[in-house]
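Commentary on secondary and tertiary structure
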Amino acid sequence: MRTRTIRPVIAAALAAGALTGALVSTPAQAAEYSSALKIAGVQYDAPGRDSNSCTTGNTKAEYVTIKNFSRTATVNLKGYVVKDAVGNSHTFRVDHYLQPGDHVRLRGGHGTESDADNVAYRQNCNFIWNNDRDTVKLIKPGGAYADTHAYTRSANDRDGNGFITFHG
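Residues numbered from 1 in each chain as written. Predicted model: local features only at pLDDT ≥ 70, side-chain atom pairs only at ≥ 80, totals over all residues. Heavy atoms only, no water.

**A closer look at the sheet that holds strand E2 (residues 37-43)**
Backbone hydrogen bonds are what pair the strands of a sheet, in a parallel or an antiparallel way. This is how it is decided: DSSP bridges decide pairing: two strands pair if at least two such bridges lie between them. Secondary structure follows DSSP: runs of H or I at least 4 residues long count as helices, runs of E at least 2 residues long count as strands, and numbering of each begins at the N terminus. Axes here refer to lines fitted to C-alpha atoms; in helices the fit is confined to the stretch in contact. Angles between the N-to-C directions go from 0 to 180 degrees.
With mixed pairing, five strands are arranged side by side in an open sheet as E9-E8-E3-E2-E12. Each of the sheet's edge strands pairs with one partner strand only, and the pair in question is strand E9 (119-121) and strand E12 (163-165). For this sheet, the mean inter-axis angle between neighbouring strands, taken without regard to orientation, is 25 degrees. Direction of pairing for E2 relative to strand E3 (residues 63-68): antiparallel, over a ladder of six bridges. Along E3, the bridge assignment pairs Gly-41 with Thr-65.

Put into structure tokens, the structure is as follows:
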């Protein structure tokens, strides 16, 4: 009896668009937040043998791509935080504006932040992302989550290249 009552209610709600977001299938590792900024992908395993040497290492090859998916709003990254599962983090401390559709790659290592080259550096030569599993978090200046994704090499990196795309 309860099933007969619920089905028409769900059907009516779907027709009205009320439950579309609630019933859309999303990967178990993804949580959806209402933010223009999203984690577009992560190069969690830098190509080559991992070396966090500031002079000869490959931490610059490890990065997270953050994209502004808004059609109209420019977003300043200043104050946003990128964090892993155990709390390693980077806070954007200078103005870095993402126009609608624009992206930035936050890389390991040292370098000069550039809007023109779509790059920012963590100013740290240690790797942040684990090569087997981790969680990538993007946190707004006020502390609310903008986006987060957990990954495992075995479940999410089918081609084994160390890169995972989260938002197309």
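**Describing the state of the cysteines**
As a reminder, the rule being used: When two cysteine sulfur atoms are found within 2.5 Å, that pair is recorded as a disulfide.
Going through the model one piece at a time under the given rule, you end up with one disulfide. The disulfide partner of Cys-54 is Cys-125, and the S-S distance across this bridge is 2.1 Å. What sets the handedness of the Cys-54 and Cys-125 disulfide is the S-S torsion sign, and at about 120 degrees it is right-handed. One end of the pair, Cys-54, is in the loop between E2 and E3; the other, Cys-125, is in the loop between E9 and strand E10 (133-139), with 71 residues separating them in the sequence.

**Let's talk about the pairing of strand E8 (residues 103-107)**
By the bridge criterion, five bridges tie E3 to E8 in an arrangement that is antiparallel. Of the residues in E8, the one forming a bridge with Lys-67 is His-103.

**Brief notes about the pairing of strand E11 (residues 145-152)**
Cut-off, in case you're wondering: Only protein chains enter the accessibility calculation, which uses a 1.4 Å probe. A residue is then buried if its area is under 20% of the maximum for its type, exposed if over 50%, and partly exposed in between.
Counting buried positions over the eight residues of E11 gives six, a clear majority of the element. Relative to E11, E10 is paired through seven bridges, and the arrangement is antiparallel. Bridge pairing in E11 links Val-136 to His-149. Counting the residues in the hairpin turn of E10 and E11 gives five residues, including Gly-143, whose phi is positive at 105 degrees.

**Comments concerning the packing of aromatic side chains**
Quick note on the threshold: The criterion for an aromatic pair is that two Phe, Tyr or Trp rings (for Trp, the six-membered ring) have centres within 6.5 Å, with stacked assigned to planes under 30 degrees apart, edge-to-face to planes over 60 apart and tilted to the rest.
Under the counting rule described, the total for this entry stands at two aromatic pairs. Note on Tyr-44 and Tyr-151: the rings are 4.8 Å apart at their centroids and 35 degrees apart in plane angle, and the pair reads as tilted. With Tyr-44 in the loop between E2 and E3 and Tyr-151 in strand E11, the pair connects residues that are 107 residues apart, well separated along the chain. There is no split in this pair, since Tyr-44 and Tyr-151 are both buried. Relative to Phe-163, the ring of Tyr-63 lies with its centre 6.3 Å away and its plane at 45 degrees, an arrangement referred to as tilted. Here the residue Tyr-63 occupies a position in strand E3, and Phe-163 occupies one in strand E12, the gap between them amounting to 100 residues.

**With respect to the pattern of salt bridges**
What counts is decided by this rule: Salt bridge, as used here, is a side-chain nitrogen of Lys or Arg placed within 4 Å of a carboxyl oxygen of Asp or Glu.
Following the criterion strictly, the structure yields two salt bridges and no others. Note that Arg-153 and Asp-45 form a salt bridge whose closest N and O atoms lie 2.5 Å from each other. Here Asp-45 lies in the loop between E2 and E3 and Arg-153 lies in helix H3 (residues 153-156), a separation of 108 residues in the sequence. Its relative accessible area of 16% is what places Asp-45 among the buried residues. Its salt-bridge partner being Glu-62, residue Arg-122 comes within 3.8 Å of it at the nearest N-O pair. With a gap of 60 residues between them, Arg-122 in the loop between E9 and E10 and Glu-62 in the loop between E2 and E3 connect regions that are remote in the sequence.

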